[in-house]
Amino acid sequence: MFTGIITAQGTVLEADSGRFAIACPWEATGIAHGASIACDGCCLTVTGVESFGGGSIFRVDVSNETLSKTTLGEWGNGRKINLERSLRFGDEMGGHLVSGHVDGVARIESITPEGFSKIFAIRAPDALAKFIAPKGSVALDGVSLTINNVNGSLFTINLIPTTLEVTIFGEKQPGDAINMEVDLIARYVARLLGQQAENS
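This one's a predicted model, so the numbers in the text were calculated from it and none came from an experiment. (Residues numbered from 1 in each chain as written. Predicted model: local features only at pLDDT ≥ 70, side-chain atom pairs only at ≥ 80, totals over all residues. Heavy atoms only, no water.)

Turning to the overall build of the protein, a few remarks are in order. Of regular secondary structure, the protein possesses three helices and twelve strands. The buried share of the protein, reckoned over its 200 residues, is 44%. Looking at the protein alone, contacts between residues at least 24 apart form 68% of all its contacts between residues at least 6 apart. Only carbon and sulfur atoms are counted for the fraction: they give 51% of the accessible area of the protein, which is about 10300 Å². (Helix = DSSP H or I, 4+ residues; strand = E, 2+ residues; numbered from the N terminus. Buried < 20%, exposed > 50% of the residue type's maximum accessible area, 1.4 Å probe, protein only. Contact = heavy atoms within 4.5 Å. Areas by Shrake-Rupley, 256 points an atom, 1.4 Å probe, with all protein chains shown as cover.)

Structurally, Thr-167 can be placed in the loop between helix H2 (161-166) and strand S12 (177-182). In terms of polar contacts, Thr-167 uses its side chain to reach the backbone amide nitrogen of Phe-169, at 3.1 Å. For Thr-167, the residues in contact, after removing those within four places along its chain, are Ile-6, Gln-9, Asn-82 and Val-143. (Polar contact = N/O pair within 3.5 Å; in protein donor to acceptor, adjacent residues only side chain to side chain.)

All right, on to the packing of aromatic side chains then. Counted under the stated rule, the structure contains two aromatic pairs. Plain terms: the ring middles of Phe-20 and Trp-75 are 5.1 Å apart, the flat faces sit at 70° to each other, and that makes the pair edge-to-face. Highlighted residues: Phe-20 in strand S2 (residues 19-24) and Trp-75 in the loop between helix H1 (64-69) and strand S6 (80-85), separated in sequence by 55 residues. Each member of the pair, Phe-20 together with Trp-75, is buried. The ring of Trp-26 is capped by Arg-85, whose NZ or CZ atom sits 4.4 Å from the centre of that ring. (Phe/Tyr/Trp six-rings, centres within 6.5 Å; stacked < 30°, edge-to-face > 60°. Lys NZ or Arg CZ within 6 Å of the ring centre and 35° of its normal.)

Here we have six strands rolled up into a closed barrel, ordered S7-S8-S11-S10-S9-S12, and antiparallel in their pairing. The sheet shows a mean angle of 45° between the axes of neighbouring strands, taken without regard to direction. (Pairing = 2+ DSSP bridges. Axes fitted to C-alpha atoms, helices over the stretch in contact; angles between N-to-C directions.)

A word on the environment of Asp-176. Relative to the elements of secondary structure, Asp-176 occurs in the loop between H2 and S12. We classify Asp-176 as partly exposed; its relative accessible area is 26%. In this structure the C-alpha to C-alpha distance between Asp-176 and Ile-122, which are 54 residues apart in sequence, comes to 9.9 Å.

Further remarks concern unusual backbone geometry. Even without a glycine there, the phi angle at Asp-40 is positive, about 50°. Along the chain, Asp-40 falls in the loop between strand S3 (36-39) and strand S4 (42-52). At Asp-141, a position not held by glycine, the phi torsion is positive, near 50°.

See below:
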């Protein structure tokens, strides 16, 4: 499990048919073989790690299913990605519970400056629209964010300068695809309501 609070940015150094090498600022001694790391919101298992500069390089293998259902199929050398280590008991819950299981790929429709912040308009896949609610939570490229307004499958989020700096959202452009994971609570509420409707 994760919280959606990004703790580092990584850089894809190698991309080869679902095998990736990712450079990060974390020391190699702090990354265990088999550890789970959320990479742009997708929970991946570390298959190898080595020291690199002042940080490290870790390696992951990604299935064809994951490549087809997320933005990982578009990853190439030099791509910047959001990173978060898995949640440990006792850690502060700064965002919301994020599983690292991407539900679909959303797309940025527009980015509008508003004061010191930026408003991102996001188009969700139609199948996920029912899980989106004003003031609810969503994970986009692994970042825990609060939904502002909703109009069908289109919703907006407000990003402050700190979020734009700490995450890769500062480099995003309209038209970019992003990984989307809906809130776990919203998912289970929708399932329960669906079961009640079937039984009534």
